[in-house]
Structure formats: C-alpha cells, structure tokens
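Breakdown of the fold
Okay, here's what each chain looks like letter by letter:
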Amino acid sequence: MNRGRLILCLLAGVLFGVGLAISGMTDPARVIGFLDVTGNWDPALLFVMAGAVSVYGLGMRSLGRFGNRGLKLPSAAPGPLDRRLVVGAAIFGLGWGLGGFCPGPALANLGAVRAEALVFVPLMALGMFLAQRIFKADR
Amino acid sequence: MNHYTILNPIIGGILIGAASLLATVESGKIPGISGVFGRLLVAETPDKVWRGIFLLGLIGGAAASFFLWQSAAIYRPLRPLFIMAIAGLLVGFGTRLGGGCTSGHGVCGVGMGARDSIVATMIFIAIAIVTVFLYNRIAL
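Our subject in this report is the structure included herewith. Because the structure is a prediction, the values reported are computed rather than measured.

1. Quick notes on the overall build of chain B
- Along the backbone of chain B there are seven helices and zero strands.
- From first element to last, N terminus to C terminus, chain B shows the α and β order α-α-α-α-α-α-α.
- The dimensions of chain B, computed from C-alpha atoms along their principal axes, are 45 × 35 × 30 Å.
- A burial count over chain B gives 58% of its 140 residues as buried.
- The long-range fraction of contacts in chain B, counting pairs at least 24 apart against all pairs at least 6 apart in sequence, stands at 51%.

2. A closer look at the overall build of chain A
- Looking only at helices and strands, one finds six helices and zero strands in chain A.
- Each helix and strand of chain A, placed in order from N terminus to C terminus, yields the pattern α-α-α-α-α-α.
- Expressed along its principal axes, the backbone C-alpha trace of chain A runs to roughly 50 × 35 × 30 Å.
- Going through the 139 residues of chain A one by one, you find that 52% of them count as buried.

3. Some words on helix H1 (residues 7-27) of chain B
All names here are of chain B.
- With 21 residues, H1 extends 30 Å from end C-alpha to end C-alpha; this agrees with the ideal 30 Å at 1.5 Å per step.
- Within H1, 17 of the 21 residues are buried, which leaves the element mostly enclosed by the surrounding structure.
- Directly after H1, the chain includes Gly-28, whose backbone phi takes a positive value near 75°.

Calculation criteria
- Residues numbered from 1 in each chain as written.
- Chains lettered and ligands numbered in written order.
- Predicted model: local features only at pLDDT ≥ 70, side-chain atom pairs only at ≥ 80, totals over all residues.
- Helix = DSSP H or I, 4+ residues; strand = E, 2+ residues; numbered from the N terminus.
- Buried ≥ 20, exposed ≤ 12 C-beta atoms within 10 Å, placed from the backbone.
- Contact = placed C-beta atoms within 7 Å.
- Expected span 1.5 Å × (residues − 1).

Okay, structure coming up:
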C-alpha cells in the first residue's frame, strides 16, 4: 500500500478515535446506561449508531453508484446466517454487557492508560487469538 | 465542548461513520475494529501495516480528545478489574467467532443493509441488555 493511502488510513483511525471519545462511548457508564433499559436509560448510544450508520450507509451507496473510478470496495454481499454468527454475537453481547467495553472503546481507553483497558485489551487479544486459532479468522 | 450535550453523540457518530467510510475506501476492507485488530494476531495476514497504523491513529485520536475536551474525558468505570478480564476474553472470542463487533456489524454491516449484520447486532444488543439486567440484580 502506498504512502498516501497509509496516511489516509492513519487519518481514518484518528477520526474514529476522536469520534469515539467525543460521543461518550469510551465512558463505560454511558454504554451500560444505554443497555440498562429498566433503569436510568441513557439514549446516547442510539444517536451515535444512527449517525454512524447513516453516514456509512449513504456514503457506501453513493460510492457504489457514482464513484467507480478504480475504487476497490469490499463486497456488500452479506455473510451466511449460521450458528457461528449467532453464537459469536451472543458471546460478544455477554462480554459487552459485563464490561461496558466493545473493542473500539477498549482500545481508545489505552490512550489514557486506564486500568480497565489495560486489563481488558490483552484478554480480548487472547480471546481473538483463540477464536481464530480454533475456528479460522474468516467467518 | 466542556459539557456533554446531545451534540456529543451526534457529532461523534457522524465522525465514526465518516472514519469507517474513509478506511473502507483506502483499505478495500470492512474496517470493523475487532477484525482490524484480530487479524493483526494472525501470522498469515498480508496487510498488517494499514491495520496497525489505523489502530495507532484511533488510540492517538482518542488520547488527544481526552486531553482537549472535558466532555470526551468523562470516564466512570463501574466494574471491578476481574470482571473486566472475563469481559475482555468473551468480547475477543465472541467478536472473532461472530465475525464482527459494534463497528463491523453494527455500523458498517447495518449501514450496508447486510442481513447477517442486522441479525448479529440485534443478538448482541439483546444479550447485553439481559446481561446488564441480571448483573444489576445479582452483583449488587
């Protein structure tokens, strides 16, 4: 990959990290507040998802339609609805509800050297390694 | 942006969507965080450089935001570290088994209207809601 593309990948990462931090999704109490539907419900995560899904969805649709000048876009074809998808999503949901961290916010919190992230991220890496070892990286 | 308002999640969400779009165009891959990170741990992955650079950018961008804006620096941990350890293991295993997390399935997949991602997103949100409900009643 050429240098220009790598710089734009770095920029994408920076924007992603800024977005996570500004949105409040790096605060586990806000994420757990969204999941706590019978308690003091915090809708913030819904606004984050709505904004992100709209921008990404509209962007991909426009690129697919108008921007086909040498652009290499990933396939939009969905993967199979299989047992691996269902079981994996359920295990992820269990961990997400327990900790209030999904992978992005956990990594972002490394930027502030927070204890929870320092514990969470290495074990997340171990979990990923094991899943990919046993079941292959591609679903 | 010293106070957290409704603009925080709206601006943050738009940035996350735009960042995902840019990373998709430049890498040619769906840039879900669990996949970008997880595949760094596989020896055969050919395109490790952009993955590492993207994730370093993510960590640096977040660090700069924590420093610049009080509303971004709000951090209220609710769980003891041993729970975070178990949660980390489950999140890592589950996201790579299920092929995505909140960004890969939740943002990119749902954004493209992919059926498998919509199903995965509904499952992990539902299970997480039940988990929080039970945790609040068992652990307190």
